[in-house]
Amino acid sequence: LVWLLVLSLAWLGPALGGEDKDEEVIEEEKKEKKEDEVLSDEIKEEDNVLVLHEHNFARALSEHQLLLVEFYAPWCGHCQRLAPAFAQAAAELRNESSPARLGKVDATAQTALATEFGITSYPTLKLFRDGNRTHPLAYTGRMDSQGIVLWMQRRAGPSATLLQDTDTIAAFINSQDLVVVGFFKDLRGEAVQAYFEVAAEMVDMTFGVAEAAELFQAYGLSADTVCLFKKFDERQTNFPVDSARGLDRTELTRLLRVHSLQLVMEFTNETSNQIFGAKIPHHMLLFLNKSSPEQLSLRDGFRAAASGFRGEVRWAHGRDMEGGFGTPQPQCPPFSAQVLFVVLDVTGHGADVLPFFGMTAADAPTLRLVKMEGNRKYQMEQDNFSDSAIRTFIQAVLDGKVKPHLLSAEPPEDWDTRPVKVLVGKTFEQVAFDETKNVFVKFYAPWCPHCQAMAAAWEELAERYKDREDIVIAEMDSTANELENITIHGYPTLHYFPAGPGRKMVEFKSTRDVETFSKFLENGGTLPEEPPVSEVKGQSPCPGMSPAPAGRGDGSCRM
């Protein structure tokens, strides 16, 4: 029996061992096959998007004249949201037999490619043309399928249509509400090349180009000019090209953005991107209830005032930019007094804006002027809707004769009885600038998750120091209160105001926990320097999520 058992084990042993070996061999073969696939220069596709890596990237560049590559991270939420639009754009371009293709690289796995192309945030899109991998072009279009397709189409073909006779140009101008036509006497000049580059970037506008002498005559032109044709407001706006300085791409882009807007815009979901995208430095706002005929009639005076501020941009030597534009001389810096006029319906899309101004629908009709830099708001002492009064008010703001209107909530009755003192705009200075106190203030937004996450730590800190006469722990809701000399750009922001004369405000930029806060206070508003806490080279991995300041690893909500 013993021998039978030994013989049985001897017979079964190799078989069992062989089975284990077979499984190991299979796994090893799978691993080797996967490695071979990665090392191969074969290009696979997922949803019409080329899947690229270190070993097939060069082949992809050589096979495709225009290749837009997305460098992504699998965990990045922005990348995940972009994926369907990117795939749809890839399918559309392929279906129209475009020379443009789309590809993607997992930058967290393909670190050599990420390093080569300087990828520090996700997603990053770069365009490679004619196999050149040393100077890829950064993607500047919209992050949706249509935006990607339009941007690629402009680079795959002529960015402007050649218009050769009066019938063709008339049909082109009438084809859309807004078109741009460049009139150039020589289509081989540098100004024309700059014009084509602008057309390639501004994919939301349609561009044409003309050189025939009869077309210059037909539209009242004698020199090279870029014309904006519209079916609203002024029908033809001319931007003559300065013969000495040439055509400046940045300035032409800005002028086209400004003048493509209606003289008075209505704030809607569809127009909001246009309004803010034009980057006009001042916005004059008329809040009204569109269901009231009496309030609707106020638009007439508002519109009459607007015409005086359309494109009011001059060089310092007084030359109107509409008389010709180019690169300004260093001794002649430009200044801008442009104002965009916007009507907001307080019962419609404009209702979402009211809290930003501390207003309700009952405040309509009313006027506000916003200086976009710093979001400074200005208000008439008494609303006057005549065009002359509006013009006078705007000019006074531009001349620095009007102080900004600052929001302030009413202080709660128990604002100073709790460990955390509750500050508002009108009480801030008396507390924060008290030279006998060291005041530590949290500026927050009620909706900010980072503020909510640190709320308990802030309360605990206040409890710890509630019996210290020389230390005040406070907070202020920055969505309901504004300060003249302190602008809050993100939430939470923590500022320390030390006791004593000549005090200087110190921003806290470290880990937001009780022990670090306490160490900061005990050291008089300083901490030992620490290396910045960040995801990738100090930057947020996803555009749209602003990076935390150096050393602030807890995250911040940006305005």
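The sections below set out a description of the structure shown in this document. (Residues numbered from 1 in each chain as written. Predicted model: local features only at pLDDT ≥ 70, side-chain atom pairs only at ≥ 80, totals over all residues. Heavy atoms only, no water.)

Side note on the pattern of salt bridges
Using the criterion set out here, one finds 26 salt bridges in the structure. A salt bridge links Lys377 to Glu482; the nearest nitrogen and oxygen atoms lie 2.1 Å apart. Here Lys377, found in strand 18 (residues 376-378), pairs with Glu482, found in the loop between strand 21 (471-477) and strand 22 (490-491); they are 105 residues apart in sequence, far enough to count as distant. For the pair Lys377 and Glu482, a shared accessibility class is recorded, and that class is buried. Measuring nitrogen to oxygen at the nearest pair gives 2.7 Å for the salt bridge that ties Glu410 to Lys426. (Salt bridge = Lys/Arg side-chain N within 4 Å of Asp/Glu carboxyl O. Helix = DSSP H or I, 4+ residues; strand = E, 2+ residues; numbered from the N terminus. Buried < 20%, exposed > 50% of the residue type's maximum accessible area, 1.4 Å probe, protein only.)

Regarding unusual backbone geometry
The omega angle of the peptide bond from Tyr122 to Pro123 is -10 degrees, so this bond is cis rather than trans. Examined against the element boundaries, Pro123 turns out to sit in the loop between helix 4 (111-116) and strand 5 (124-129). A cis amide bond links Ala364 with the next residue in sequence, Pro365, at an omega value of 0 degrees. With respect to the helices and strands, the residue Pro365 is situated in the loop between strand 16 (339-345) and strand 17 (366-371). One non-glycine residue, Asp130, lies in positive phi territory at about 55 degrees. Positionally, Asp130 belongs in the loop between strand 5 and strand 6 (137-138).

Focus: the sheet that holds strand 3 (residues 66-72)
Reading across from one edge, 1-2-4-3-5-6 is the order of the six strands in this open sheet, with mixed pairing throughout. On the outer flanks of this sheet lie strand 1 (44-46) and strand 6, each paired with one strand and no other. As paired strands, strand 5 and strand 6 are joined by two bridges and run antiparallel to one another. Among the inter-strand pairings, Lys126 is bridged to a residue of strand 6, identified as Ala138. Packing of helix 3 (residues 77-95) onto the sheet brings it into contact with strand 1, strand 2 (49-52), strand 3, strand 4 (100-106) and strand 5, and relative to strand 4 it is tilted by some 150 degrees. (Pairing = 2+ DSSP bridges. Contact = heavy atoms within 4.5 Å. Axes fitted to C-alpha atoms, helices over the stretch in contact; angles between N-to-C directions.)

Focus: the packing of aromatic side chains
Overall, the coordinates contain 31 aromatic pairs when judged by the stated rule. Their ring planes at 85 degrees and their centres at 5.6 Å tell us that Trp447 and Tyr491 sit as a pair that is edge-to-face. Of this pair, Trp447 sits in the loop between strand 20 (438-444) and helix 15 (449-465) while Tyr491 sits in strand 22; the two residues are 44 residues apart in sequence, bridging distant segments of the chain. Residue Tyr491 is classed as buried on the basis of its relative accessible area of 3%. The rings of Phe440, Trp458, Tyr496, Phe508, Phe517 and Phe520 are connected pair by pair, giving a single aromatic cluster. Over the ring of Trp151 we find Arg155, and its NZ or CZ is 3.7 Å from the ring centre. (Phe/Tyr/Trp six-rings, centres within 6.5 Å; stacked < 30°, edge-to-face > 60°. Lys NZ or Arg CZ within 6 Å of the ring centre and 35° of its normal.)

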